[in-house]
Amino acid sequence: MAGEVVTGYHSRTEPIGIFRWLTTTNHHEIGILYLANSFLFFLIGGVLALLMRSELAYPGRTIVDASTYMELFTMHGTTMIFLVAIPILAGFGNLMVPPLIGAKDMAFPRVNALSFWLIPVAGVIMWLGAANIGWTGYTPLSVYDKSPGIDMWIVGLQLLGISSTAGAINFLVTIFRHRATGITFNNLSLFVWSILVTQGLVLLATPVLAGGLFILLLDRHGMTAFLSPLVGGDPIMWQHLFWFYSHPAVYIMILPAMGIISEVIPRMSHKPIFGYKAIALSTVAIGFLSFGVWVHHMFTTGLSISARLPFMIITLAIAVPSGIKIFNWIATMWGGAIELKAPMLFAIGFVTMFVIGGINGVFQAPIPLDYPLQDTYWVVAHLHYVLFGGTILGAFAGFYFWFPRMSKRMYSERIARWHFGFTIIGFNVVFFTMHFLGLLGMPRRIYDYSSFGQLSLFWTLNWLASIGAFILGAGQLFFVANIAWTFVKGPVSDPDPWGEIPAQVHEPRVPGVPVYAMPIHAMANGGVPEGSSEPGQSPRAP
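Conventions we followed
Residues numbered from 1 in each chain as written. Predicted model: local features only at pLDDT ≥ 70, side-chain atom pairs only at ≥ 80, totals over all residues. Heavy atoms only, no water. Helix = DSSP H or I, 4+ residues; strand = E, 2+ residues; numbered from the N terminus. Buried < 20%, exposed > 50% of the residue type's maximum accessible area, 1.4 Å probe, protein only. Contact = heavy atoms within 4.5 Å. Areas by Shrake-Rupley, 256 points an atom, 1.4 Å probe, with all protein chains shown as cover. Axes fitted to C-alpha atoms, helices over the stretch in contact; angles between N-to-C directions. Parallel < 35°, antiparallel > 145°, perpendicular 65-115°, else oblique. Left-handed = near helix turned anticlockwise from the far one by under 90°. Core = buried A, V, L, I, M, F, W, Y, C linked by side-chain atoms within 4.5 Å. Phe/Tyr/Trp six-rings, centres within 6.5 Å; stacked < 30°, edge-to-face > 60°. Lys NZ or Arg CZ within 6 Å of the ring centre and 35° of its normal. pLDDT = per-residue confidence, 0-100. Polar contact = N/O pair within 3.5 Å; in protein donor to acceptor, adjacent residues only side chain to side chain. Salt bridge = Lys/Arg side-chain N within 4 Å of Asp/Glu carboxyl O.

Draft legend 1. Main features of the overall build of the protein. Each helix and strand in the protein was counted, giving 16 helices and zero strands. The buried share of the protein, taken over its 542 residues, is 56%. The long-range share in the protein, meaning contacts at least 24 apart out of those at least 6 apart in sequence, stands at 82%. For the protein, the accessible surface area stands at approximately 21,500 Å², while carbon and sulfur atoms represent 72% of it.

Here it is as structure tokens:
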């Protein structure tokens, strides 16, 4: 059966060659390939962001024209969402789901390899096309613009959809059918819980986007007229299809990051997780509610108020399970022996930035407030506080936390702190400033604001945001330097250098699941085994 796959990770002693990396079906190595590919696209997408911010630093045309700016905007958004945020979390899933459930490998290793290799192929196709319709591909512009780059954008997204769907099936079969004896849904790692719900969302939502992309491609070539208003089609249908996928996709990008945080905070606080069941159930609740909020992207499209009201209510309600997670993470840290190492710094950064992103999202959720804010830089700020402040900071927390497992070496804590400092300062300078631009009415998706009122204020705030973008970009150079330093001079490390947690040493072990992969739960008597007066073992310093 598919589960009888022997992993090559634990027994490998010789270096891996290029051919091995190109042909591997091992979950550990494929996870590393996912992470490396995603970070490469992250750097490329970041360069596009710096070019856009350079253009916006001063009014009028500075370095690019309007058409080039739209290409930069389209490829930045497409790259960061579809080639970075979604795949990077699938990489962590590949890396950690099998050991966390005691499986030897993913259920379908060859399908797993195919799921990865479709991603760089799709990325190259989309980048060669360089579409200029915005990352949302709104119709009717995407129907009537006959540029071949748009067709290549559609094909690339379809390939990414195939990759995501195949990966989702693989994850679900692995989690449901290949758990070790003793691993149940009552003691499943919270990270695995997040992957489980996420892949369910992928499996349900991705076919809707695939159908929409297929209709768009047919409309563009005159074979159908579903989205063409000149012949009776409805361009708003595309928004429904796109956002029915893309708002669950927000949680596809954020739930695994939340799972990472649920692993990092207990370990770095040296305390069992507070409210295990509440966090697991809130993950499931977010998954269900995520399918009922897509219309809040369309409050200004002319839909009836009776159609909009339920989506406004669910948009407000979905903040509740996210809040449950926040309070449980804070309760876990409360009174703990917190170690402010790089994973914990980025985890705390995740919590604080995600709270800001959640608050400004709830603020915009009421329909009357959505009208003046919908197409302004307020939305840009909200999106980035959720996706960069959430997904990317969570990914960095996971990377530093599991890097010893990936490389068997320890990164430089000093360089990691510089990385965190530049990232958090630059991020807030660029995106917090955008809140004020949005409140002043600066529209998003424009490359020149010289024709708007309050030019001097727009200029000042845009210049400040551009400075923040370059600080943020410079911070990522520390990350690159840290990786290089680690492989040249990094000390050899145990796969789990972070130490035991009180109470965990007394929990029954599951055969085949390593100590550092066991989920962490609190004991009823605070970590003292029944019948013993001895306190729980003190956490050892890393």
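From this point on, the discussion continues.
Draft legend 2. How the structure looks around the packing of helix α12 (residues 342–364) against helix α14 (residues 377–407). For the pair α12 and α14, the least separation of the axes is 8 Å and the interaxial angle reads 160°. It follows that α12 is roughly antiparallel to α14 by the angle criterion. Here the hand of the crossing between α12 and α14 comes out left-handed.

Draft legend 3. Inspection of the nonpolar core at higher detail. With 154 residues, the main nonpolar core has F82, F92, W153, F191, W329 and F350 as its most contacted residues. Broken down by element, this core gets its largest block of residues, 20 residues, from helix α3 (residues 66–101). Each residue touching F350, except ones within four places of it in the same chain, is listed here: I254, A257, M258, I261, W329, G389, G390, L393 and G394.

Draft legend 4. Seen up close, the packing of aromatic side chains. One pass over the structure, following the stated rule, counts 43 aromatic pairs. Ring geometry for W135 against W243: centres 6.0 Å apart, planes inclined by 85°, an arrangement best described as edge-to-face. Residue W135 is located in the loop between α4 (109–129) and α5 (141–144), and its partner W243 is located in helix α8 (residues 236–269); the two are separated by 108 residues in the primary sequence. Of the two residues, W135 and W243, both sit in the buried class. Taking NZ or CZ as reference, R179 lies 4.4 Å from the ring centre of F185, over its face.

Draft legend 5. Highlighting the side chain of T376. For T376, the position within the fold is in the loop between α13 (367–373) and α14. A relative accessible area of 6% means that T376 is categorised as buried. Apart from residues lying up to four places away in sequence, T376 is in contact with G438, G441, M442, P443 and R444.

Draft legend 6. Summary view of the confidence of the model for the protein. In this model, the protein carries a mean pLDDT of 87, and residues with pLDDT of at least 70 account for 89%. Long-range and interchain partners of residues 1–13, a stretch whose pLDDT sits below 50, account for 21 contacts in this model, where long-range means more than four residues apart. Under a pLDDT of 50 for its full length, residues 522–542 has, in the predicted model, 32 contacts with residues more than four places off or in other chains.

Draft legend 7. Region of interest: the side chain of S322. Note that S322 resides in helix α11 (residues 319–333). By relative accessible area, S322 is classed as buried at 9%.

Draft legend 8. Looking closely at the environment of S228. Counting through the fold element by element, S228 comes out in the loop between α7 (190–220) and α8. Accessibility expressed as a relative area gives 6% for S228, which makes it buried. Along the backbone, S228 and L141 are 87 residues apart, and their C-alpha atoms lie at a distance of 9.7 Å. Setting aside residues no more than four positions away along its own chain, S228 makes contact with V143, Y144, D219, G233 and D234. Polar contacts involving the side chain of S228 include one to the side chain of D219, which spans 3.5 Å.

Draft legend 9. The arrangement of the pattern of salt bridges in detail. Applying the stated rule across the entire model yields five salt bridges. For R220, the salt bridge identified is with D151, shortest N-O distance 2.8 Å. With R220 in helix α7 and D151 in helix α6 (residues 148–177), the pair connects residues that are 69 residues apart, well separated along the chain. Note on R220: relative accessible area 3%, which makes it buried. A residue is classified by how much of its surface remains accessible, and D151, at 16% relative accessible area, is buried. Residues D375 and R444 are paired through a salt bridge, measuring 3.4 Å at the closest nitrogen-oxygen approach. Taken together, the residues span a long stretch of sequence, with D375 in the loop between α13 and α14 and R444 in the loop between α15 (413–439) and α16 (455–489) at a distance of 69 residues. A relative accessible area of 41% places D375 in the partly exposed class.

Draft legend 10. Inspection of the packing of helix α2 (residues 27–56) against α4 at higher detail. Across the interface, α2 lies against α4 with an axial gap of 10 Å and an inter-helix angle of 15°. In terms of orientation, α2 lies roughly parallel with respect to α4. Crossing of α2 against α4: the hand is left-handed. When α2 is examined against α4, the residues H27, I30, L33, Y34, N37, F41, I44 and L48 are found in contact with a partner set consisting of P109, N112, A113, S115, F116, W117, I119, P120, G123 and W127.

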